[in-house]
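A look at the structure
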Amino acid sequence: MHVSFVIPLYHCLDLTQACVASLQATLPAGLAHEIILVDDGSTDGTRAWLATLRPPFRVVLNERNLGYAGANNRGAALATGRILALLNNDLVLKPHWLEPMLAAHRRLGTRAGLIGNVQRAARTGAVDHSGIFINLKGKPEHDTSLPPRWMRRLRPVRPVAALTGACMLLARDLWTQLGGFDENFRNGGEDVDLCFRARAAGRVNAIALRSVIDHHISASVGRKKNDEHNSRRLALRWRPELEQLALRAWCWDFLRREWSGTRDPSECATALEMLLYAANLRRTPPAFARDQMHAAMNREFERWAQLLDGPAAGPSAG
């Protein structure tokens, strides 16, 4: 097996050097690999350091800042490995982080989509990512929960809707089929979009629960400044899927918040429908839940219109 590691860089030389050192120290013995470093316009000494590197490193110097999606796309276009591993430059990779991800990919076989892992905040050690779920507003959110250790041993691979691009593994053929990251996203949302496109192609995205790394979260300069634009772009493209993925959690939340005291028979029937759907015992969501989730998304689009387009703008979605 030949793995191509692609790492986009933008400043943060000290973190880059630590990430690369941890990568080299934790690779399985004898693994055929290349490390593609794509500098996206750093001015902090990164380029001088890159000039000192030799194989298995390959260096790409962008003439202008392309952003996260563009830098990854450029690096992946040069990759020769059968497997692509996309890494942020602010990771601290731990021993045996890669093997569970490769095992998860093999386990899923032809159904394999994107494979992620468990990420802990480097400063606190708290779990920051064990997959991405869709919250009650229909927006992606990091899952910070972990099953018990015994469960992780019994079921080391957990299917998820999406996962972060900070540490992501997939077949290069699938990357090519999907067309890589959409560069209309700017440093956010492109990873979830890619995961959704993999799901639409019939693939299963998953977390290798026995792969654990540390992450200096959002260390890159300007990482968050386009979050609202990116969120709206994602919602415009994937609104039906976002609403559908949020519905079961919405039903549980509604039952916890609203179900108390004596109810008339019609309300009991609605609550039973919600309970059956939330517990995966009913395939079709209750109409009430569907309508309420749609209304929640409408409110988000109205908020985006006010925030991004100005007070004169009307709602972006019906």
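Read on for an overview of the structure.

Parameters at a glance
- Residues numbered from 1 in each chain as written.
- Predicted model: local features only at pLDDT ≥ 70, side-chain atom pairs only at ≥ 80, totals over all residues.
- Heavy atoms only, no water.
- Axes fitted to C-alpha atoms, helices over the stretch in contact; angles between N-to-C directions.
- Helix = DSSP H or I, 4+ residues; strand = E, 2+ residues; numbered from the N terminus.
- Parallel < 35°, antiparallel > 145°, perpendicular 65-115°, else oblique.
- Left-handed = near helix turned anticlockwise from the far one by under 90°.
- Nonpolar A, V, L, I, M, F, W, Y, C, P; charged D, E, K, R; others polar.
- Phe/Tyr/Trp six-rings, centres within 6.5 Å; stacked < 30°, edge-to-face > 60°.
- Buried < 20%, exposed > 50% of the residue type's maximum accessible area, 1.4 Å probe, protein only.
- Lys NZ or Arg CZ within 6 Å of the ring centre and 35° of its normal.
- Contact = heavy atoms within 4.5 Å.
- Polar contact = N/O pair within 3.5 Å; in protein donor to acceptor, adjacent residues only side chain to side chain.
- Pairing = 2+ DSSP bridges.
- 1 Å grid on protein atoms, 1.4 Å probe; cavity = no way out; pocket = protein on both sides within 12 Å on 5 of 7 lines; lining within 4 Å.
- Points joined across faces, edges and corners; volume = space filled by probe spheres on them.

Where helix H8 (residues 227-258) contacts helix H10 (residues 287-309), the axes come no closer than 9 Å and their chain directions differ by 150°. As far as their axial angle goes, H10 and H8 are roughly antiparallel. Every pair of crossing elements has a handedness; the one defined by H8 and H10 is right-handed. Residue classes in the contact of H8 with H10 are distributed as 17 nonpolar, 5 polar and 7 charged.

We now examine the packing of aromatic side chains. With the rule as written, the count across this model stands at 8 aromatic pairs. Between Tyr68 and Phe181 the ring centres are 5.5 Å apart and the planes differ by 40°, which places this aromatic pair in the tilted class. Of the two residues, Tyr68 is situated in helix H3 (residues 67-77) and Phe181 in the loop between helix H6 (172-178) and helix H7 (190-200); the sequence distance between them amounts to 113 residues. According to the relative accessible area criterion, Phe181 is buried, its value standing at 3%. Through a chain of ring-to-ring contacts, three or more aromatic side chains come together here, namely Tyr68, Trp175 and Phe181. Geometry around Phe196 places Arg199 over its ring, the cationic atom sitting 5.8 Å from the centre.

To continue, consider the environment of Arg186. Within the secondary structure layout, Arg186 lies in the loop between H6 and H7. The exposure class assigned to Arg186 is partly exposed, which follows from its relative accessible area of 32%. Separated by 67 residues in sequence, Arg186 and Asp253 place their C-alpha atoms 32 Å apart. Those residues within four positions of Arg186 in sequence are excluded, and the remaining contacts are Asn65, Leu66, Gly67, Asn226 and Asn230. Looking at Arg186, its side chain comes within polar contact range of the main-chain oxygen of Leu66, at 3.0 Å.

Across the 8 residues that make up strand S2 (residues 32-39), a large majority, 6, are buried. Across 8 bridges, strand S1 (residues 2-9) lies against S2 in parallel orientation. Residue His2 lies in a different strand from S2, and its bridge partner there is Ala32. As defined by bridge partners, S2 adjoins strand S3 (residues 57-61) across 5 bridges and the pair is classed as parallel. If you follow Ile35 over to S3, its bridge partner there is Phe57.

All right, on to the layout of surface pockets then. Computed from the structure, the second largest pocket encloses a volume of approximately 320 Å³. Contributing to the lining of the second largest pocket are 13 residues, with Ile132, Phe133, Ile134, Asp143 and Leu245 lying nearest its centre. Listed by contribution, the elements that provide at least two residues to the lining of the second largest pocket are strand S8 (132-134), strand S10 (157-159) and H8.

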